[in-house]
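Listed here are the chains, written in short residue letters.
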Amino acid sequence: MMRYRRLGRLGWQVSEVGYGMWGIGGGPGGFTGWDYDTAPACLDLALELGCNFFDTAWIYGRGVSEQLLGRVLRDNSDRRIYVATKVPPKNREWPPRAADTLDEVFPADHIREYTYKSLENLGVDRIDLLQLHVWEDRWAADERWQKAIGDLKAEGVVDGVGISVNRWEPENCLRAIDSGLIDVIQVIYNIFDQAPEDELFDRALAEDIGIIARVPFDEGGLTGTLTADTTFPAEDWRATYFGPENLPATVERAARLAGDLPPGMSMPEAGLRFILHHPAVSTVIPGMRRAGHVRANLAVSDGAPLDPALLERLRGHRWDRRPTAWSM
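The model shown is predicted, which means the values in this text are computed figures rather than measured ones.

Right, let's talk about the overall build of the protein chain for a bit. Across its full length, the protein chain holds 13 helices and ten strands. In terms of overall dimensions, the protein chain is globule-like: its C-alpha atoms have a radius of gyration of 19 Å, near the 20 Å expected for 328 residues. Viewed in the frame of its principal axes, the protein chain has a C-alpha envelope of about 55 × 45 × 40 Å. Taking all 328 residues of the protein chain together, the buried fraction comes to 57%. Across the protein chain, the fraction of contacts at a sequence separation of at least 24, relative to all contacts at a separation of at least 6, is 77%. Taken as a whole, the protein chain presents about 13300 Å² of accessible surface, with 51% of it coming from carbon and sulfur.

Okay, structure coming up:
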């Protein structure tokens, strides 16, 4: 039975295992292996098993992922389904470059344009959670993005507002939280990437900010399926992420982690249980492209706590990294 958690001050009861839709969106810059024929059945199964939180973005298939979710919303109009989507950076840079200005990334007219594109794709008149897909805290005090968001909320087309924080930069949102406009932070948090615990999570708990934990399996590094010989198609962004700088170290660390798991516990299960142990986390959003993934991931929402000794062993696999040219 799915368990639910409060999404910060928004007060919504969302499934603690949500649905991350990057992997099924397709399109340039994403994953290969997506299947638009399989995706609808996976979404329906997740809903049947109690998932009520779906995280998408315009860039996932250039609107296709949002349209897939829109079909779910139409077919289940009697159910409360929470939808989170994202405004892409205007210059299509993930993450922003050091010199990128707010005008280049999130000018007010761009935020408005893509909010309305998402509304159309989803077939709704209000977006539950609108997120900015990248962020730099040096923009935080700029009143232009604040006004753009405030206007959309005043018009009733946006309810909650969030930020998707850049990879390995969990502290790069604290000034945005200071603005008082941010309800939710989406951040990478997993067994390797434990840095959100250092500062962000305490801040979120103190100020009732919802936390969406993304990339629970480190793009596949925490699934136990990678080997030193793993390759990806050139058009799959993991071909860059798991290049010579990262793949060998990831495989080595994953092997050590596997040795610390109890019999019968898979690495993905351990990864999700680790994330859900933290009270700051409102929901975790694994990607799920097959029915088996949906069943296995949602089954972790059973309320069973991690053994304290296992939790301490998992903490020992923390891997602090800084953004690089290949990390996106």
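There's plenty left to go through after this.
The subject of this paragraph is unusual backbone geometry. Leave glycine aside and you will find that most residues have negative phi; peptide bonds, for their part, are mostly trans. Note that the residue after Trp-94, namely Pro-95, is joined by a cis bond; omega there is -10°. Following the sequence through the fold, Pro-95 ends up in the loop between β5 (82-87) and α4 (102-105). Not every positive phi belongs to a glycine, and Arg-62 is a case in point at roughly 50°. Structurally, Arg-62 can be placed in the loop between β4 (53-55) and α3 (64-75). In this structure, Arg-92 is a non-glycine residue whose phi angle is positive, near 60°. Along the polypeptide, Arg-92 turns up in the loop between β5 and α4. For Arg-92, a relative accessible area of 31% puts it in the partly exposed group.

The side chains of a regular strand alternate, residue by residue, between the two faces of the sheet. Taking burial as the measure, the five residues of strand β9 (residues 210-214) include five buried ones, the bulk of the element. Of the two faces of β9, the one holding Gly-210, Ile-212 and Arg-214 and the one holding Ile-211 and Ala-213 are both buried throughout. Sheet analysis places strand β8 (residues 184-188) next to β9, joined by five bridges and oriented parallel. Of the residues in β9, the one forming a bridge with Ile-188 is Arg-214. Two strands pair when backbone bridges link them, and β9 and strand β10 (residues 283-284) are joined in this way by two bridges, in the parallel orientation. Among the inter-strand pairings, Ala-213 is bridged to a residue of β10, identified as Val-284.

Another point: the sheet that holds strand β7 (residues 158-164). Hydrogen bonds between backbone atoms are what pair the strands of a sheet, whose relative direction is either parallel or antiparallel. A sheet is described by the order of its strands in space; here eight strands give the open sequence β3-β4-β5-β6-β7-β8-β9-β10, paired in parallel fashion. A strand with exactly one partner marks an edge of an open sheet, and here the two such strands are β3 (19-20) and β10. Pairing geometry for β3 and β4, over two bridges, is parallel. Bridge pairing links Tyr-19 to Phe-54 in β4.

Once that is clear, we can look at the pattern of salt bridges. If you walk through the whole model with that rule in mind, you get 31 salt bridges. A salt bridge links Arg-80 to Asp-128, with the shortest nitrogen-to-oxygen separation between them at 3.2 Å. Of this pair, Arg-80 sits in the loop between α3 and β5 while Asp-128 sits in strand β6 (residues 127-132); the two residues are 48 residues apart in sequence, bridging distant segments of the chain. Here Arg-238 and Asp-236 are joined by a salt bridge, their closest N and O atoms 2.6 Å apart. Residue Arg-238 shares its accessibility class with Asp-236, and that shared class is buried. Each member of the salt-bridge network shares a partner with another, and the members are Arg-9, Lys-153 and Asp-183.

What follows deals with helix α8 (residues 200-207). Looking only at α8, the buried set comprises Leu-200, Phe-201, Arg-203 and Ala-204. Projected onto a plane normal to the axis of α8, the buried residues spread over an arc of 160° and lie on a single side. Those residues of α8 that are buried lie in contact with α7 (174-178), β8 and β9. Positive phi appears at Asp-208, one or two residues downstream of α8, with a value of about 60°.

What follows concerns the packing of helix α2 (residues 39-48) against α3. In the contact formed by α2 and α3, the axes pass within 10 Å of each other and the chain directions differ by 45°. Considered as vectors, α2 and α3 are oriented oblique to each other. In this structure, the crossing between α2 and α3 has a hand that is right-handed. Counted together, Ala-39, Pro-40, Leu-43, Asp-44 and Leu-47 of α2 and Leu-68, Arg-71 and Val-72 of α3 form the full contact between these two elements. Counted by class, the contact of α2 with α3 contains six nonpolar, no polar and two charged residues.

Rules used throughout
Residues numbered from 1 in each chain as written. Predicted model: local features only at pLDDT ≥ 70, side-chain atom pairs only at ≥ 80, totals over all residues. Heavy atoms only, no water. Helix = DSSP H or I, 4+ residues; strand = E, 2+ residues; numbered from the N terminus. Rg over C-alpha atoms; globule rule 2.2 N^0.38 Å. Buried < 20%, exposed > 50% of the residue type's maximum accessible area, 1.4 Å probe, protein only. Contact = heavy atoms within 4.5 Å. Areas by Shrake-Rupley, 256 points an atom, 1.4 Å probe, with all protein chains shown as cover. Pairing = 2+ DSSP bridges. Salt bridge = Lys/Arg side-chain N within 4 Å of Asp/Glu carboxyl O. Arc of directions from axis to C-beta. Axes fitted to C-alpha atoms, helices over the stretch in contact; angles between N-to-C directions. Parallel < 35°, antiparallel > 145°, perpendicular 65-115°, else oblique. Left-handed = near helix turned anticlockwise from the far one by under 90°. Nonpolar A, V, L, I, M, F, W, Y, C, P; charged D, E, K, R; others polar.

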